[in-house]
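# Geometric and topological summary
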Amino acid sequence: MTTQSTTSSVAPSATTTARPHRRGSLGPVGLVLAGGISVQFGAALAVSLMPRAGALGVVTLRLLASAVVLLLVCRPRLRGHSRTDWGTVIAFGVTMGAMNGLFYQAVDRIPLGAAVTLEVLGPLTLSVLASRRAINLVWAALALTGVFLLGGGGFGDLDPVGVAFALAAGAMWATYIVFSARTGRRFPQADGLALAMAVGAVMMLPLGIAESGSKLTDPVTIALGSAVAIMSSVLPYTLELLALRRLPASTFAILMSLEPALAATAGFLILGQALSLVQAAAIALVIGASMGAVRTQVGRGKPGPGEAGPGEAGPGEVGPGEASRGEASRGDRGEVKGADLASS
């Protein structure tokens, strides 16, 4: 706002006016990248916490802490919602809990970068199917080539159970996208997210207790689990919410496609999970396929009056391919990162 008003009133030279625009554009991009880094390094911290509390124990702590923070901040209204509203938010919460639980089971068995790369196939598949354009067969083939390379031609170097968990988490991520868009249209602000997070936490609590028991009451474990919640849900959700006020949803979606690379970096720096050149190339292929699918979806046409165009969020929605992060959010998600293709 300040930049626009200054430009129109003073009318400086073209060179002068271009600089503030470029500076302003770096802000939201930096916020999104910071959110992505927070999500993936939070996931790496979660993996390092698993020997203390187990995969299900960690995801339980993460969802509980995130739910408490979001409920305190958002203070969602409980009255005045229809049965359909509650059914939607409960389905959203169950999907969120399942997505996180499956993903944490995956990263307990296979490297973080590989898990996020496999998981991103869920929203990528949803984007390809929803677009129904021939070019998306190219993106699908590119992604499948990446997955083939990542598995060494048969996932011989990766735990097959971990691979299955990652793929199942990807399917839940695609489902999450659908319900995040529907929840966003039925609940104001982040109220639906806060309620869904609480549902997911309640769903995972018995599983976490069964696996970890009294370990969940250890003060150090609670503190580390809360740190995972802040890094994987609260902080990235806040940063991305601020970024989306100034950043086109299509650009946001493309930046989200970089998450496998961020995950691989976090896995290497925090967990010592080095990648071979072939695995790095595989992740690059999946990232390229995801970006291509997003750009294809964005390029389908321009919006009509009162409509959100491809790649731009409509009321209660966010743009295509914006899976996330709950965290928020996403593989490691908890934020409302959906897709306008999910509204169908």
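Residues numbered from 1 in each chain as written. Predicted model: local features only at pLDDT ≥ 70, side-chain atom pairs only at ≥ 80, totals over all residues. Heavy atoms only, no water.

Turning our attention to the overall build of the chain. Helix and strand counts for the chain stand at 13 helices and 0 strands. Across the 344 residues that make up the chain, the buried fraction comes to 50%. (Helix = DSSP H or I, 4+ residues; strand = E, 2+ residues; numbered from the N terminus. Buried < 20%, exposed > 50% of the residue type's maximum accessible area, 1.4 Å probe, protein only.)

What follows covers the environment of Leu49. Relative to the helices and strands, Leu49 resides in helix 2 (residues 14-53). In this structure Leu49 comes out as buried when scored by relative accessible area, which is 1%. Between the alpha carbons of Leu49 and Gly225 there is a distance of 7.8 Å; along the sequence they are 176 residues apart. Leave out the neighbours within four places in its chain, and Leu49 touches Val58, Thr221, Leu224 and Gly225. (Contact = heavy atoms within 4.5 Å.)

Running from N to C, helix 4 (residues 83-107) and helix 8 (residues 160-186) cross one another at 155°; their axes reach a closest spacing of 8 Å. Here helix 4 lies roughly antiparallel to helix 8, going by the angle between them. Two packed elements cross with a definite hand, and for helix 4 against helix 8 that hand is left-handed. Classifying every residue of the contact of helix 4 with helix 8 by side-chain character gives 17 nonpolar, 8 polar and 3 charged. (Axes fitted to C-alpha atoms, helices over the stretch in contact; angles between N-to-C directions. Parallel < 35°, antiparallel > 145°, perpendicular 65-115°, else oblique. Left-handed = near helix turned anticlockwise from the far one by under 90°. Nonpolar A, V, L, I, M, F, W, Y, C, P; charged D, E, K, R; others polar.)

Moving on to the packing of aromatic side chains. Under the definition given, this model contains 3 aromatic pairs. On the numbers, 6.4 Å between centres and 70° between planes, the contact of Trp86 with Phe187 is edge-to-face. Residue Trp86 is located in helix 4, and its partner Phe187 is located in the loop between helix 8 and helix 9 (191-212); the two are separated by 101 residues in the primary sequence. A relative accessible area of 3% means that Phe187 is categorised as buried. (Phe/Tyr/Trp six-rings, centres within 6.5 Å; stacked < 30°, edge-to-face > 60°.)

This part takes up the pattern of salt bridges. For the structure shown, the criterion picks out 2 salt bridges. One salt bridge in this structure joins Asp85 and Arg186, with 2.7 Å as the shortest N-O distance. In this pair, Asp85 sits in helix 4 while Arg186 sits in helix 8, placing the two residues 101 residues apart along the sequence. Exposure remark for Asp85: the relative accessible area of 10% places this residue in the buried category. Assessed through its relative accessible area of 37%, Arg186 is described here as partly exposed. (Salt bridge = Lys/Arg side-chain N within 4 Å of Asp/Glu carboxyl O.)

Glancing now at the nonpolar core. Formed by 61 residues in total, the largest nonpolar core has its most connected members in Phe103, Tyr104 and Leu112. The next biggest cluster of nonpolar side chains, apart from the first, holds 8 residues, and it includes Leu31, Leu239, Leu247 and Phe252. (Core = buried A, V, L, I, M, F, W, Y, C linked by side-chain atoms within 4.5 Å.)

Mean pLDDT for the chain: 75, with 74% of residues reaching 70 or above. Low pLDDT, under 50, characterises residues 1-26; the predicted model gives this stretch 6 contacts beyond four residues in sequence or across chains. Note that residues 301-344 has pLDDT below 50 and, in this model, 179 contacts with residues that lie over four places away or in other chains. (pLDDT = per-residue confidence, 0-100.)

This next bit is on the environment of Gly122. If you trace the backbone, Gly122 turns up in helix 6 (residues 121-131). Note: C-alpha distance between Gly122 and Tyr176 (54 residues apart in sequence) is 10.0 Å. Excluding residues that lie within four positions of it along the chain, Gly122 makes contacts with Gly170, Ala171 and Ala174.

The residue Ser38 is located in helix 2 in this model. Ignoring anything within four residues of it in the chain, the contact list for Ser38 reads Met231, Ser232, Leu235 and Pro236.

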